[in-house]
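Coordinates in review
Spelled out from the first residue to the last, the chains are:
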Amino acid sequence: RYTLDEFGTARRSAVVRGFIDALTRGGLGGTPRPIEMHSHDPLRYVGDMLAWLHQATASEKEHLEAMLKLVTIQGSVEENIQEVVGHITEGVCRPLKVRIEQVIVAEPGAVLLYKISNLLKFYHHTISGIVGNSAATLLTTIEEMHLLSKKIFFNSLSLHASKLMDKVELPPPDLGPSSALNQTLNLLREVLASHDSSVIPLDARQADFVQVLSCVLDPLLQMCTMSASNLGTADMATFMVNSLYMMRTTLALFEFTDKRLEMLQFQIEAHLDTLINEQASYVLTRAGLSYIYNALQQHKPEQGPLSNLSSMDSVSLKVAMAQFDRYLSAPDSLLMSQLNFLLSATVKEQIIKQSTELVCRAYSELYAAVMDPSNEYKDPETILHRSPHQVQALLS
């Protein structure tokens, strides 16, 4: 027992000395170079220190196993090894902690902090795999540094998010995503990319992911809504569809984003409904059907035949139909300007298709009313000379 204590104390001093030499002097003849030469590169600096300790911890355990392999009292050997490895590795905790703390507190940026946090988590996992919980103080130190880097990482993200809300930009003239949105999505992309390549266990990564997304996406959505609040209906819907589309395409590249993608899709669809109705209304107004269709909607049978209304007589309908025919000959001429600002060609096509269906439905209702004998139109075929089916064929 006394021998082990003496051995442990000697090796503890040797390991501390070895660690300080690796930091400041490097290997024999200067190879490898001193670890502190890379202190300007935080990720490499922390990674090199942890790699050195990982190797040293494994070597110390092997030395002890080799020394005690002839001891026959099996139970106590394992306990002794655990205890001595803990004692040996305890000495490096202070110099390690001071250096990693300096790196973290200097706040090298959210992405680097996140990578350092994942690196610390990985080495905690790996070293505990070699020595179990025997190197308790070393593992505790690494865990504390992991939690500190993670805390400062989320502080950094929260600060970025709160700055978004401090200065909300007006949407650009082309109703595309704002520069603040693009910058934040680039930051998110870098964080998620380092997260995807991270070596920590899956469940820990998933928990981090949920927290990162809520920390960034919720303020982003709030910023876009505030930014669009003074726009007209169609402009607002276009800006929101473009912003949400950018968020969706960014998240679609990464794992664990299904719930968020689903939520963004619901929001896109709500704004798409607005644009579909606005485009249909735009066409009906300019193709001469809006006023007629509204009169038809409000007409009740007890008011008598539709043809008796001043705006619904044969002459008024024929004038409107001449205007509608001009639309049928060039339907693409009646597109809201906002649709040309949409980033997704698929979304634009969807709006045109579904708004055209609404126009066809309005024409079908008008056609049925004019052909209905109770509305007393004389020679209705001369007023509406195209069937709903023909109109649909021309517009499809």
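About the cut-offs
- Residues numbered from 1 in each chain as written.
- Predicted model: local features only at pLDDT ≥ 70, side-chain atom pairs only at ≥ 80, totals over all residues.
- Heavy atoms only, no water.
- Phe/Tyr/Trp six-rings, centres within 6.5 Å; stacked < 30°, edge-to-face > 60°.
- Helix = DSSP H or I, 4+ residues; strand = E, 2+ residues; numbered from the N terminus.
- Buried < 20%, exposed > 50% of the residue type's maximum accessible area, 1.4 Å probe, protein only.
- Domains from an automatic or database assignment.
- Polar contact = N/O pair within 3.5 Å; in protein donor to acceptor, adjacent residues only side chain to side chain.
- Axes fitted to C-alpha atoms, helices over the stretch in contact; angles between N-to-C directions.
- Parallel < 35°, antiparallel > 145°, perpendicular 65-115°, else oblique.
- Left-handed = near helix turned anticlockwise from the far one by under 90°.
- Contact = heavy atoms within 4.5 Å.
- Nonpolar A, V, L, I, M, F, W, Y, C, P; charged D, E, K, R; others polar.
- Expected span 1.5 Å × (residues − 1).
- Salt bridge = Lys/Arg side-chain N within 4 Å of Asp/Glu carboxyl O.
- Disulfide = S-S within 2.5 Å.

**Digging into the packing of aromatic side chains**
Across all of its chains, the model carries 8 aromatic pairs by this definition. Each ring, one from Phe209 and one from Phe256, has its centre 5.6 Å from the other, and the planes form 75 degrees; the classification is edge-to-face. Placement of Phe209 in helix α8 (residues 202-228) and of Phe256 in the loop between α9 (233-251) and α10 (258-286) is noted, with a sequence separation of 47 residues between them. Of the residues examined, Phe256 reaches a relative accessible area of 23% and is grouped as partly exposed. An aromatic cluster of at least three residues, connected via ring pairs, comprises Phe324, Tyr327, Tyr363 and Tyr367.

**What to know about the domain arrangement of the protein chain**
Per the domain assignment, the segments of the protein chain are domain 1 (1-166) and domain 2 (274-395). Taking only C-alpha atoms into account, the centre of domain 1 sits 74 Å from that of domain 2.

**Comments concerning the environment of Asp174**
Positionally, Asp174 belongs in the loop between α6 (136-166) and α7 (179-196). Asp174 sits in the partly exposed class, given a relative accessible area of 41%. Reaching out from Asp174, the side chain makes a polar contact with the backbone nitrogen of Gly176 at a distance of 3.0 Å.

**Section: the packing of helix α2 (residues 42-68) against helix α4 (residues 93-105)**
Helix-helix packing: each pair is described by the crossing angle between the helix axes and the interaxial distance. Viewed as axis vectors pointing N to C, α2 and α4 meet at an angle of 160 degrees, and their least axial separation amounts to 10 Å. It follows from the interaxial angle that α2 and α4 lie roughly antiparallel. Considering only the axes of α2 and α4, their crossing is left-handed. Residues Pro42, Tyr45, Val46, Met49, Leu50 and Leu53 of α2 lie in contact with α4, whose contacting residues are Leu96, Arg99, Ile100 and Val103. Residues of the contact of α2 with α4, tallied by class, amount to 9 nonpolar, no polar and 1 charged.

**Side note on helix α1 (residues 2-24)**
The end-to-end C-alpha distance of α1 is 33 Å, a good match for the 33 Å that 23 residues give at a rise of 1.5 Å each. Where α1 is concerned, the buried positions are Leu4, Gly8, Val15, Phe19, Ala22 and Leu23.

**Focus: the pattern of salt bridges**
For the structure shown, the criterion picks out 10 salt bridges. The closest approach of N and O atoms between Asp21 and Arg25, which form a salt bridge, is 3.7 Å. Exposure remark for Arg25: the relative accessible area of 58% places this residue in the exposed category. In this structure, Glu144 engages Lys97 in a salt bridge whose closest nitrogen and oxygen atoms are separated by 3.2 Å.

**Describing the packing of α8 against α9**
Two numbers describe how α8 lies on α9: the axes approach to 9 Å, and their chain directions differ by 165 degrees. As judged from the angle between their axes, α8 and α9 are roughly antiparallel. Every pair of crossing elements has a handedness; the one defined by α8 and α9 is right-handed. Contacts from Leu213, Leu217, Leu220, Leu221, Cys224, Thr225, Ser227 and Ala228 of α8 reach α9 at Met236, Phe239, Met240, Ser243, Leu244, Met247 and Leu251. Looking at the contact of α8 with α9 residue by residue, the class counts come to 12 nonpolar, 3 polar and no charged.

**What about the side chain of Ser311?**
Looking at where Ser311 falls in the secondary structure, it is placed in the loop between α11 (290-298) and α12 (314-329). Apart from residues lying up to four places away in sequence, Ser311 is in contact with Tyr291, Ile292, Ala295 and Ser316.

**Some remarks on the state of the cysteines**
If you walk through the whole model with that rule in mind, you get 0 disulfides. Residue Cys215 stays outside any disulfide, its sulfur separated by 16 Å from that of Cys224, the closest cysteine. On the accessibility criterion, Cys215 (15% relative accessible area) is buried.

**Here we look at the environment of Gly109**
Tracing the chain through its elements places Gly109 in the loop between α4 and α5 (110-131). Separated by 44 residues in sequence, Gly109 and Phe153 have C-alpha atoms that sit 7.8 Å apart.

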